[in-house]
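# Remarks on the overall topology
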Protein chains: 2
Amino acid sequence: MTIKEVCEKYDITADTLRYYERVGVIPAVTRTAGGIRDYQETDIAWVENAICFRDAGMPVEMLIEYVKLFQEGDSTIDARANLLKEAREAIVEARKKYDIALEKLDYKIGRYEIAQKTGVLTWDDQEEE
Amino acid sequence: MTIKEVCEKYDITADTLRYYERVGVIPAVTRTAGGIRDYQETDIAWVENAICFRDAGMPVEMLIEYVKLFQEGDSTIDARANLLKEAREAIVEARKKYDIALEKLDYKIGRYEIAQKTGVLTWDDQEEE
DNA sequence: TGTTGACTTAGAGTCAACTCCAAGTTGTAT
DNA sequence: ATACAACTTGGAGTTGACTCTAAGTCAACA
């Protein structure tokens, strides 16, 4: 699979794919004899994981560390498991904050909808607006 | 409430609080006669909302727009409601990605835990590792 | 075989969101 | 009254994550 096909498949730029490889967010991608990237199943799986974890706010630095440990072999299994658990906790925490914001937003949106129907904005005493 | 107290209450730096005010993420804060910030209930409510929405990934730009509309008065109620609905959708979408990442992480962590018990890392055919 | 378009690299540039700095002011404790 | 910490401002600097540029190489087609 060419870099262009991978871009289209995951809606990501070629620059980002090359950047991920360059800094080590994914391991070195398979190349043709001419040196052009030719993504194999394995390469694509790494790309998919990278995008998935980045979308969940996992820092590039952490993904690099994971790939580094992975390449060091089985002796790093504990370290990798710990890293993933740490990442998991961060995501769970972030998700909680998303939920709190959603509650707040829903409350405010509800208020605005009442205002739009009645023409009057009413706020209770715990609101700034 | 002094800036320091607000910092401690919300675990945020004074620089960030001043930055939020400067760019308009929150409206101008109440000052003492000497010009020192003295956060009132209303100011604190704005700070709390700003932190909450930023924590959910809402861009600073969007918060600035909301404050701007708010200050323009009741004629912007529709615009504000639309802005909040847009923000809501973005957060819902981001949350979905967090859930997908969590599933993937749980699967991987599970594999590592088996590996730690048995000493053997086993991956199925859909895994890169 | 030439040309056109997609690919390559190293390195510089951009953007959002802070974060720090310098120089000056305020307010509290001796 | 005098330190001295904590505050103020405007503006510069940093960080993380891309994103772009220049100069060159590869590959498919006329």
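On a predicted model such as this, the values are computed, not experimentally measured, just so you know.

A count of helical and extended segments in chain A gives five helices and zero strands. From first element to last, N terminus to C terminus, chain A shows the α and β order α-α-α-α-α. On C-alpha atoms alone, chain A measures out to a radius of gyration of 22 Å, which is more than a quarter above the 14 Å that the 2.2 N^0.38 rule sets for 129 residues. For chain A, the spread of C-alpha atoms along the three principal axes comes to 70 × 35 × 20 Å. When burial is assessed residue by residue, chain A has 43% of its 129 residues classed as buried. Taking as baseline every contact in chain A between residues at least 6 positions apart, the subset at least 24 positions apart corresponds to 36%. Accessible surface, chain A as shown: approximately 7,100 Å² in total, 50% of it carbon and sulfur.

The next subject is the relation of the copies chain B and chain A. Each of the two chain copies can be generated from the other by rotation about an axis followed by a shift along it. Rotating chain B by 180 degrees about the axis while translating it 0.0 Å along that axis superimposes it on chain A, leaving an RMSD of 0.2 Å. Both copies of the chain, as the preceding transformation shows, are related through a two-fold rotation axis. Across chain B, the smallest distance between a C-alpha and the rotation axis is recorded for B:Arg95, namely 3.4 Å. With an isologous cut-off of 70% or more, the 100% of interface residues of chain B that recur at the interface of chain A puts this contact in the isologous class.

Here we take up the protein's contact with DNA strand C. Neighbouring DNA strand C are 20 residues, the closest being A:Arg18, A:Arg31, A:Arg37, B:Tyr20 and B:Arg54. Restricting attention to atoms of DNA strand C within 4 Å of the protein, one finds that 74% of them are sugar or phosphate atoms. For DNA strand C, a phosphate oxygen lies 3.0 Å from a polar atom in the side chain of A:Arg31. Take B:Asp15: an N or O atom from its side chain is 3.4 Å from a base nitrogen of DNA strand C. When contributions to the surface near DNA strand C are tallied by element, the ones reaching two or more residues are helix 1 (3-10) and helix 2 (14-23) of chain A together with helix 2 (14-23) and helix 4 (60-72) of chain B.

What follows deals with the interface of chain B and chain A. Contact residues are listed per partner, giving 43 residues for chain B and 43 residues for chain A. With both sides pooled, the region where chain B packs onto chain A buries about 4,200 Å², and carbon together with sulfur makes up 68% of that total. A:Arg88 serves as the salt-bridge partner of B:Asp106, at 2.3 Å between the closest nitrogen and oxygen. Summed over the shared surface of chain B and chain A, the number is 15 residue pairs in polar contact (both at pLDDT 80 or more). Those elements giving two or more residues to the side of chain B that touches chain A turn out to be helix 3 (41-55), helix 4 and helix 5 (77-118) of chain B. Top element by residues in the side of chain B that touches chain A is helix 5 of chain B. It accounts for 27 residues. Of the residues assigned to the side of chain B that touches chain A, the class counts are 23 nonpolar, four polar and 16 charged.

All names here are of chain B. Mapped onto the secondary structure, Arg37 falls in the loop between helix 2 and helix 3. By relative accessible area, which is 18% here, Arg37 ends up buried. Only 2.6 Å separates the side chain of Arg37 from the side chain of Glu21, close enough to count as a polar contact. Residues in contact with Arg37, not counting those within four places in the same chain, are Met1, Thr2, Ile3, Arg18, Glu21, Val29, Thr30 and Arg31.

Here we take up the protein's contact with DNA strand D. Around DNA strand D sit 19 residues in total, of which A:Tyr20, A:Arg54, B:Arg18, B:Arg31 and B:Arg37 are the nearest. Side-chain polar atom of B:Arg31 to a phosphate oxygen of DNA strand D: 3.0 Å apart, as the coordinates give it. When residues of the surface near DNA strand D are traced back to their parent elements, those giving at least two are helix 2 of chain A together with helix 1 (3-10) and helix 2 of chain B. In terms of residue count, the dominant contributor to the surface near DNA strand D is helix 2 of chain A (five residues). Split into classes, the residues belonging to the surface near DNA strand D amount to seven nonpolar, four polar and eight charged.

A separate point is the packing of helix 5 (residues 77-118) of chain A against helix 5 of chain B. Taken N-terminus to C-terminus, the directions of helix 5 of chain A and helix 5 of chain B make an angle of 160 degrees; their axes are 8 Å apart at the nearest point. The angle between helix 5 of chain A and helix 5 of chain B falls in the class roughly antiparallel. The hand of the helix 5 of chain A/helix 5 of chain B crossing is left-handed.

The subject of this paragraph is helix 4 (residues 60-72) of chain A. The end-to-end C-alpha separation of helix 4 of chain A is 19 Å, in line with the 18 Å expected for 13 residues at 1.5 Å each. Of the positions making up helix 4 of chain A, those classed as buried are A:Val60, A:Met62, A:Leu63, A:Tyr66, A:Val67 and A:Leu69. Considering only its buried residues, helix 4 of chain A is in contact with helix 2, helix 3 (41-55) and helix 5 of chain A together with helix 5 of chain B. Where helix 4 of chain A terminates, the next one or two residues include A:Gly73, which has phi positive at roughly 95 degrees.

Thresholds applied
Residues numbered from 1 in each chain as written. Chains lettered and ligands numbered in written order. Predicted model: local features only at pLDDT ≥ 70, side-chain atom pairs only at ≥ 80, totals over all residues. Heavy atoms only, no water. Helix = DSSP H or I, 4+ residues; strand = E, 2+ residues; numbered from the N terminus. Rg over C-alpha atoms; globule rule 2.2 N^0.38 Å. Buried < 20%, exposed > 50% of the residue type's maximum accessible area, 1.4 Å probe, protein only. Contact = heavy atoms within 4.5 Å. Areas by Shrake-Rupley, 256 points an atom, 1.4 Å probe, with all protein chains shown as cover. Least-squares fit on C-alpha atoms with pLDDT ≥ 70 in both. Near = heavy atom within 4 Å. Polar contact = N/O pair within 3.5 Å; in protein donor to acceptor, adjacent residues only side chain to side chain. Buried area = accessible area lost by both parts, 1.4 Å probe. Salt bridge = Lys/Arg side-chain N within 4 Å of Asp/Glu carboxyl O. Nonpolar A, V, L, I, M, F, W, Y, C, P; charged D, E, K, R; others polar. Axes fitted to C-alpha atoms, helices over the stretch in contact; angles between N-to-C directions. Parallel < 35°, antiparallel > 145°, perpendicular 65-115°, else oblique. Left-handed = near helix turned anticlockwise from the far one by under 90°. Expected span 1.5 Å × (residues − 1).

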